Structure formats: structure tokens, C-alpha cells
Amino acid sequence: MKNLIIPRIALIAILVLIVSAIVSCSSKSKIEGTYSQSGSGTVALDIKSGGKATFTMMGDDYACTYKVNGDKVSLDCSPKGEKVDFTIHDDGSLTGPSFIGVLKKTK
């Protein structure tokens, strides 16, 4: 009986690691798409695969990179050094700093 406990614990641990890896990968792909402000449309964020994004504000486009960490998206728009953090909500919208507000997925 004791000989069966250790393999079962190892199997459970492996399954937990596999499931967490799948969830991690799927949450990143769910974030991809185009987000914009409803109404004004002066701010847009196009999140692409491979950690690339384009941030548009008042007609100016900025090439950026992004990282997803839990319910946060960190945007880095170098070389200007602009860094912006967004919160991911359950409905899929993103909230940035007050001057950006809420961005909803359009594509």
C-alpha cells in the first residue's frame, strides 16, 4: 500500500504542473487583440503574439512589448521609456491609468 502512495503523489504533482502551464499559455493568448476606448477612440492598444504590441494615443503609434503577470499587463514602449500597467478584468476589458481609462476589446 505504501508503495502506491509515492507514485500517486508524483502523478498528481505532474498533473498540477501540466495544468498550470496550459492555463498560463491560454491566458496570454486570450489577451491578444485590439482594445480601444468606447466613445472617444483616442487611445487604442493592439496586443499581438510574441510579446509585441502597438499603443496608439491621439494618432501617434508606439511600438511596445508586453508581459502578462496574473491579472496585469505591463506595457513597455521603449525607446521613449514609457511604461504603463493595465489590469485585466473578468469581462476581458483593460483598465489603465486615469488618463487612459477602460479599454474594451474590439477585435
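Residues numbered from 1 in each chain as written. Predicted model: local features only at pLDDT ≥ 70, side-chain atom pairs only at ≥ 80, totals over all residues. Heavy atoms only, no water.

### Comments concerning the overall build of the protein chain
For the protein chain, the helix and strand inventory stands at 1 helix and 8 strands. Traced from its N-terminal end to its C-terminal end, the protein chain shows the element sequence α-β-β-β-β-β-β-β-β. Accessible area for the protein chain stands at about 7400 Å²; split by element, carbon and sulfur atoms hold 61% of it. (Helix = DSSP H or I, 4+ residues; strand = E, 2+ residues; numbered from the N terminus. Areas by Shrake-Rupley, 256 points an atom, 1.4 Å probe, with all protein chains shown as cover.)

### Quick word on the side chain of T34
Relative to the elements of secondary structure, T34 occurs in strand β1 (residues 33–36). Since its relative accessible area comes to 18%, T34 is described here as buried. Among the polar contacts listed, one links the side chain of T34 to the side chain of D46, at a separation of 3.1 Å. When near neighbours in sequence (up to four residues on either side) are disregarded, T34 contacts L45, D46, K104, K105, T106 and K107. (Buried < 20%, exposed > 50% of the residue type's maximum accessible area, 1.4 Å probe, protein only. Polar contact = N/O pair within 3.5 Å; in protein donor to acceptor, adjacent residues only side chain to side chain. Contact = heavy atoms within 4.5 Å.)

### Some details on the pairing of strand β3 (residues 52–57)
Where strand β2 (residues 43–47) and β3 come together, 5 bridges link them in antiparallel fashion. Bridge pairing links I47 to A53 in β3. Pairing geometry for β3 and strand β4 (residues 60–69), over 6 bridges, is antiparallel. Bridge pairing links F55 to Y62 in β4. The hairpin turn running from β3 into β4, its antiparallel successor, is 2 residues long, and M58 in that turn takes a positive phi close to 50°. (Pairing = 2+ DSSP bridges.)

### Considerations on the pairing of β1
Residues G33 and Y35 point to one face of β1 and T34 and S36 to the other, with burial holding for every one of them. Examined bridge by bridge, β1 and β2 share 4 bridges and lie antiparallel to one another. For T34, the partnering residue across the bridge sits in β2 and is D46. In this structure, β1 lies alongside strand β8 (residues 102–105), joined through 2 bridges in antiparallel fashion. For Y35, the partnering residue across the bridge sits in β8 and is K105.

### Section: the environment of S93
Secondary-structure assignment places S93 in the loop between β6 (82–88) and β7 (94–95). A relative accessible area of 6% means that S93 is categorised as buried. With sequence-adjacent residues up to four places away left out, S93 is seen in contact with T87, I88, V102, L103 and K104. A polar atom in the side chain of S93 sits 2.7 Å from the side chain of D91.

### Examining unusual backbone geometry
In the Ramachandran plot, M58 falls in the positive-phi region, its phi being about 50° despite a non-glycine side chain. If you trace the backbone, M58 turns up in the loop between β3 and β4.

Keep in mind these values describe shape, not function.
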